[in-house]
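# Topology and contacts: notes
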Amino acid sequence: MAKGKDAETDGKSAGNGTAEPGHINLRMLAEHLGLSQTTISLVLNNSPSARSIPNETRERVRKAARDLNYRPNYFARSLRQSRSMSVGVLAPDLSEGYFTRVMSGVVAELTAAHYFYFTACHDWNKELIEQYPRMLVERAVDGFLLLNTPAETIQVPVPVVAISAHSSGSNVTNIVLDHESAANQALTHLYSLGHRNIAFMRGPRAIPDSEFRWESIQKVARGMGLKIDPSHVVRMDAEGWSMKAGQHTMAPEIGYRPMKALLERSRDFTAIFCFNDIAAIGAIRALKDVGLGVPDDVSVVGFDDIQSAAFSTPSLTTVRQPLTEMGRRGAQLLLERIAHKDREYAVEITMAPELIVRESTGAAKK
């Protein structure tokens, strides 16, 4: 570790070199500053050991690196560390909503760790779900982060962290939401407002969270003595939603069409609990199109708390998933698993939801 004369006394000649701005390597930067390559590396990599180096020296190193346009040789570093300093991120899509919020946390954490990431969107295509991991392994990624993507068919020799995927692989750690708590908060809220005839919009079969959330809803409803009428249950991928028809998985139409189909066969309900916020926004439009008010006639509850939820009309009551934090935690855990492969890690980490009450829910119409 660079100390004493190397880090302090020798620094008196720093800045007297003849290095010119351009592509310079670590050795050239060290010669220019009159410091060792170790000192330069500790400072630029934000190593904990760099705290022993005087702050003045650290600032000179950073300034010289900026002025001379120093760029680290990641290929050489990856050879030394047996890492590529990159990970693969697999997601169905990166549209507004769930995925952008999760990715904001992922990006923040990986950027802070100086990790590069490859993002591949598979659009629920089974061939791509199997193909992309192989392609990324060929590019020597150090690990995988799966967003709402099942891991059972993904066989890779590196650590895997899955967010909202409920995967059972031996090499996988899952970051999941406490769906029972989410269902309890939403149904308790509606029940307290006098709602007893509640409709439900289930998620597509392709999304791993769909079945887990539905099972939790049924369990909570039974515990409350709340009867679920099968005629008031609609599924997003059974009522007009289809990937083959070119409908985007995160467009409000995914909620509009099922809500419209439900209204055609029954209006004997006073509230609906939707699979996600995008679907809830589409459902609100369908209700308004047939002359029903929200929440005067039908209360609507969403799920996720995407950025637009607070600005829809009416603003949306929803179950907030800590999406950004889930992304951060997933990225942190993946980096830990990459750095310490021999440790044992939890199979599942559960995150807590929070009910956000806004304008789309009110007292049940008598």
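Described in the following lines is the structure provided in the data block. Since this is a predicted model, take the numbers as computed values, not measurements. (Residues numbered from 1 in each chain as written. Predicted model: local features only at pLDDT ≥ 70, side-chain atom pairs only at ≥ 80, totals over all residues. Heavy atoms only, no water.)

Time to look at the packing of aromatic side chains. The relative placement of two aromatic rings is captured by the distance of their centres and the angle of their planes. Overall, the coordinates contain five aromatic pairs when judged by the stated rule. Relative to F99, the ring of Y98 has its centre 4.9 Å away and its plane inclined at 80 degrees; by these criteria the two rings are edge-to-face. By the burial criterion, Y98 is buried, and F99 matches it. Here F116 and F118 contribute two aromatic rings whose centre-to-centre distance is 5.1 Å and whose plane-to-plane angle is 90 degrees, an arrangement assigned as edge-to-face. Residue class for F118 comes out partly exposed when judged on its relative accessible area of 27%. A cation over a ring is seen here: R196 above Y191, with NZ or CZ 3.4 Å from the ring centre. Looking at R213, its charged tip hangs above the ring of F303, at a distance of 3.6 Å from the centre. (Phe/Tyr/Trp six-rings, centres within 6.5 Å; stacked < 30°, edge-to-face > 60°. Buried < 20%, exposed > 50% of the residue type's maximum accessible area, 1.4 Å probe, protein only. Lys NZ or Arg CZ within 6 Å of the ring centre and 35° of its normal.)

This next bit is on the nonpolar core. By size, the foremost hydrophobic cluster in this structure holds 28 residues, and its most contacted members are M201, M259, I272, L287 and V300. Here this core takes seven residues from helix α11 (residues 277-289), the largest share from any one element. When residues no more than four places from it in sequence are discounted, the contact partners of M201 are V234, M236, I254, G255, P258, M259, I272, F273, C274, F275, A279 and A283. If you look at the next biggest cluster of nonpolar residues, it comprises 25 residues, including Y98, V161, M326 and L334. (Core = buried A, V, L, I, M, F, W, Y, C linked by side-chain atoms within 4.5 Å. Helix = DSSP H or I, 4+ residues; strand = E, 2+ residues; numbered from the N terminus. Contact = heavy atoms within 4.5 Å.)

Contact pair helix α2 (residues 26-33) / helix α4 (residues 55-67): the axes reach a minimum separation of 11 Å and the direction vectors enclose 125 degrees. As summarised for this structure, α2 and α4 are arranged oblique, according to the angle between their axes. Here α2 runs over α4; the crossing is right-handed. In contact with L29, H32 and L33 of α2, α4 contributes R60, V61, A64 and A65. Looking at the contact of α2 with α4 residue by residue, the class counts come to five nonpolar, one polar and one charged. (Axes fitted to C-alpha atoms, helices over the stretch in contact; angles between N-to-C directions. Parallel < 35°, antiparallel > 145°, perpendicular 65-115°, else oblique. Left-handed = near helix turned anticlockwise from the far one by under 90°. Nonpolar A, V, L, I, M, F, W, Y, C, P; charged D, E, K, R; others polar.)

In this fold, N174 is placed in strand β5 (residues 172-177). In terms of polar contacts, N174 uses its side chain to reach the backbone carbonyl oxygen of S167, at 2.7 Å. If near-sequence neighbours (up to four positions away) are discounted, N174 is found in contact with A162, A165, H166, S167, V347, E348 and I349. (Polar contact = N/O pair within 3.5 Å; in protein donor to acceptor, adjacent residues only side chain to side chain.)

We now examine the sheet that holds strand β2 (residues 116-121). Read across the open sheet, the six strands follow the order β2-β1-β3-β4-β5-β11; overall the sheet is parallel. The outermost strands of the open sheet, each flanked by one partner alone, are β2 and β11 (348-351). Adjacent strand axes in the sheet meet at a mean angle of 15 degrees when their direction is disregarded. Where strand β1 (residues 86-91) meets β2, six bridges bridge the pair, whose relative direction is parallel. Opposite V89, over in β2, you have T119 as the bridge partner. Strands β1, β2 and β3 (144-147) of the sheet are contacted by helix α7 (residues 126-138), whose axis makes an angle of about 170 degrees with β1. (Pairing = 2+ DSSP bridges.)

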